[in-house]
Amino acid sequence: MSVALFAPNGDYTGDGNRKTGEKSHDVTYKLVSTSNIDAGTAWGQAWTLMNRQYPFFRDCILRTVKVTGQQDNWGTVYEVVGHYVKEPKDVNPRFAMLHFSTRGGREKKVHSYATQSYKATDEAGNPPDFKHGIGFNNGLFQGVDVVVPQMGFSIEADLPATEFGPSQLAYMHNITGSVNAQAMWIFPVGSVLFLGITGNSHREKNELTGDWDLWFRCNFEFEAKPPIIDGTIQPFEHVTKQGMQYFWVMHADRKDSTSAITIPKPIAAYVETVYPYADFSWFNTLQW
């Protein structure tokens, strides 16, 4: 699948006086895919491409994206409308509440940072060297549960239905179980896992029009872990992994030189990417 975002074709609207500078613009683009894609995927692709290619228009910044689509014989064509504003805080503050906690981060460690060994008084030989393996029993290292750096956080925000509709909700569903493809808040790439969104709808009376507008109160939930950069995970050195990558060790039976006993020895380590990457830049539009 490939997508292409066409440049603005001059079809745009602006408000305010040109001499004093318009405060907002709606700019029309076209998103074309060589295969059929749903509206949620189209919205995600449009948001990513427009932030990369057209983040500004006439000194205004991109704040929201809307898509409408139609089927085509060779793919999918979507009309994309980007809403640009001069002063985001005046036009659309999107004030949000941040909840966070660094408690509860636990994982099982199979290898320690350092080891002290003691032999029994009635044993002649030295204790086997398990190369920092913890709790060897019946051919396996049992390990131990330890507290590790981990942050759970969520962003709670009230969003109007005109800016957070079915396409945006579908995109949030699609990226659940994904990690950040670009830096987010205080975390580098690959360190934040999106756990999903919970929310409910409510109505608020528009004082200007008298209408009861539809709003959504949304709670976006995340989990974050720090990366390891050129670190040591005994007995391996120069280990580098992103926060949400998985580290595991392969063992093989080797004869221990100090005790002459055959034991599992760590011989190789692997860093696995277990979550797909997604564009989290939309969350940067929320302010807390």
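My aim in this report is to walk through the structure given alongside it, one point at a time. (Residues numbered from 1 in each chain as written. Predicted model: local features only at pLDDT ≥ 70, side-chain atom pairs only at ≥ 80, totals over all residues. Heavy atoms only, no water.)

## As for the layout of surface pockets
Here's step 1: Here the largest pocket defines a volume of roughly 920 Å³.
Here's step 2: The wall of the largest pocket is formed by 28 residues, among which Glu107, Lys108, Lys109, Lys241 and Phe247 lie closest to the centre.
Here's step 3: Where the lining of the largest pocket is concerned, the elements lending two or more residues are strand 8 (106-109), strand 16 (228-233) and strand 18 (246-255).
Here's step 4: Per-element accounting of the lining of the largest pocket gives the leading share, 5 residues, to strand 18.
Here's step 5: Considering only residue class, the lining of the largest pocket consists of 14 nonpolar, 8 polar and 6 charged. (1 Å grid on protein atoms, 1.4 Å probe; cavity = no way out; pocket = protein on both sides within 12 Å on 5 of 7 lines; lining within 4 Å. Points joined across faces, edges and corners; volume = space filled by probe spheres on them. Helix = DSSP H or I, 4+ residues; strand = E, 2+ residues; numbered from the N terminus. Nonpolar A, V, L, I, M, F, W, Y, C, P; charged D, E, K, R; others polar.)

## Digging into the environment of His173
Here's step 1: Tracing the backbone shows His173 in helix 3 (residues 166-175).
Here's step 2: On the basis of relative accessible area, His173 is assigned to the exposed category, the value being 63%.
Here's step 3: Sequence spacing of His173 and Ile197 is 24 residues, and the spatial spacing of their C-alpha atoms is 7.9 Å. (Buried < 20%, exposed > 50% of the residue type's maximum accessible area, 1.4 Å probe, protein only.)

## Section: helix 3
Here's step 1: For helix 3, the set of buried residues is Ser167, Gln168, Tyr171, Met172 and Ile175. An end-on view of helix 3 places all buried positions within 140 degrees of arc, on one side of the element. Along helix 3, exposed side chains directed more than 90 degrees from the buried face belong to Pro166 and His173.
Here's step 2: Downstream of helix 3 by one or two residues, Gly177 has phi in the positive range, about 85 degrees. (Arc of directions from axis to C-beta.)

## Focus: the pattern of salt bridges
Here's step 1: Within the structure shown, the criterion is met by 3 salt bridges.
Here's step 2: A salt bridge links Glu107 to Lys109; its shortest N-O distance comes to 3.7 Å.
Here's step 3: With its nearest N and O atoms 3.3 Å apart, the salt bridge here joins Lys131 to Asp129.
Here's step 4: By relative accessible area, Lys131 is classed as partly exposed at 30%.
Here's step 5: With a relative accessible area of 36%, Asp129 lands in the partly exposed category. (Salt bridge = Lys/Arg side-chain N within 4 Å of Asp/Glu carboxyl O.)

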